[in-house]
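# Fold and geometry: a report
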Amino acid sequence: MSLLTEAPKIIINLSRFAKKTIAIIMDLGLCILCTWLAFYLRLEEFIEINDITFLAVLISISLAIPIFWLVGLYKTMIRFAGSSIIFTVAVAIFSYQLLYFGVIGIYGIDG
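Residues numbered from 1 in each chain as written. Predicted model: local features only at pLDDT ≥ 70, side-chain atom pairs only at ≥ 80, totals over all residues. Heavy atoms only, no water.

### Describing the overall build of the chain
Counted only if it meets this: Working definition: helices are DSSP H or I runs of at least four residues, strands are E runs of at least two. Numbering for both runs from the N terminus. Per-residue and other accessible areas follow the Shrake-Rupley method at a 1.4 Å probe size, with only the shown protein chains counted as cover for residues. Asp and Glu are treated as the negative residues and Lys and Arg as the positive ones, with His and the ends of the chain left uncounted. Here the site of a charge means atom NZ of a Lys, CZ of an Arg, CG of an Asp or CD of a Glu.
Secondary structure summary: the chain contains 4 helices and 0 strands in total. Total accessible area on the chain is roughly 8,400 Å²; 71% of this is exposed by carbon and sulfur atoms. Taken together, the 7 basic and 7 acidic charged side chains of the chain have centroids lying 25 Å from each other.

### Let's talk about the nonpolar core
Our working rule: Residues enter a nonpolar core if they are buried and are Ala, Val, Leu, Ile, Met, Phe, Trp, Tyr or Cys, with the set joined through side-chain atoms within 4.5 Å. We call a residue buried when its accessible area falls under 20% of the maximum for its residue type, exposed when it is over 50%, and partly exposed in between, using a 1.4 Å probe and counting protein chains only. Contacts are assigned to residue pairs that have any heavy atoms within 4.5 Å of one another.
Grouped together as the largest cluster of nonpolar side chains are 15 residues, with contacts concentrated most on L63, A64, F68, L73, Y96 and Y100. Among the elements that make up this core, the one with the highest residue count is helix 3 (residues 51–71) (7 residues). The contacts of L73, once residues within four sequence positions are left out, are F68, I85, T88, V89 and A92.

### Considerations on unusual backbone geometry
Although it is not a glycine, E44 adopts a positive phi angle of roughly 60 degrees. Looking at the secondary structure, you find E44 in the loop between helix 2 (16–43) and helix 3. What makes E44 exposed here is its relative accessible area of 68%.

### Points about the packing of helix 3 against helix 4 (residues 83–107)
Threshold: Every angle, taken between N-to-C directions, lies between 0 and 180 degrees, and every axis is a line fitted to C-alpha atoms, over only the stretch in contact when it is a helix. Should the near helix be turned counterclockwise from the far one by less than a right angle, the crossing is left-handed, whereas a clockwise turn marks it as right-handed. When residues are sorted by character, Ala, Val, Leu, Ile, Met, Phe, Trp, Tyr, Cys and Pro go into the nonpolar class, Asp, Glu, Lys and Arg into the charged class, and all the rest, Gly among them, into the polar class.
Where helix 3 contacts helix 4, the axes come no closer than 9 Å and their chain directions differ by 145 degrees. Where helix 3 crosses over helix 4, the two elements pack in a sense that is right-handed. Counting all contacts with helix 3, which are made through A56, I59, S60, L63, A64, I67, F68 and V71, the residues of helix 4 involved are T88, A92, I93, S95, Y96, L99, Y100, V103 and I104. When its residues are assigned to classes, the contact of helix 3 with helix 4 shows 14 nonpolar, 3 polar and no charged.

### Describing the packing of helix 2 against helix 3
For the record, the criterion: Roughly parallel means an angle under 35 degrees; roughly antiparallel, over 145; roughly perpendicular, 65 to 115; everything else is oblique.
The N-to-C vectors of helix 2 and helix 3 enclose an angle of 140 degrees; their axes lie 9 Å apart at closest approach. With respect to helix 3, the element helix 2 is oriented oblique. Viewed along their axes, helix 2 and helix 3 form a crossing whose handedness is right-handed. For the pair helix 2 and helix 3, contact is made by I24, D27, L28, C31, I32, T35 and F39 and by T53, A56, V57, S60, I61, A64, I65, F68 and W69, respectively.

What follows is the structure, given as structure tokens:
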């Protein structure tokens with residue numbers, strides 16, 4: 001069998017801790033990617049990761065992971081999305097967005 005057909009079975013059989021770890025690592029990667037893409041959209045050019053962008057990524061990660069943890073996104077692994085989980089994700093993202101906007105708005109990012 002190919003790896004693509006076996007991968008879902010392997011992931012489903014992992015321990016709860018391993019699944020949470022994978023989810024957090026994916027969120028960390030998405031925070032980095034989304035912050036970098038936001039700089040691209042704002043500046044219309046790809047920029048290198050430097051002190052300024054690293055600070056923005058660090059703020060993103062330090063806000064996103066605790067908010068997602070407190071809202072309960074890492075408590076259960078989701079196989080089927082219903083309206084309750086969609087609402088929970090929307091609340092988590094809205095809270096993160098407001099706090100990130102507030103922090104960046106207050107302190108600002110030079111450049």
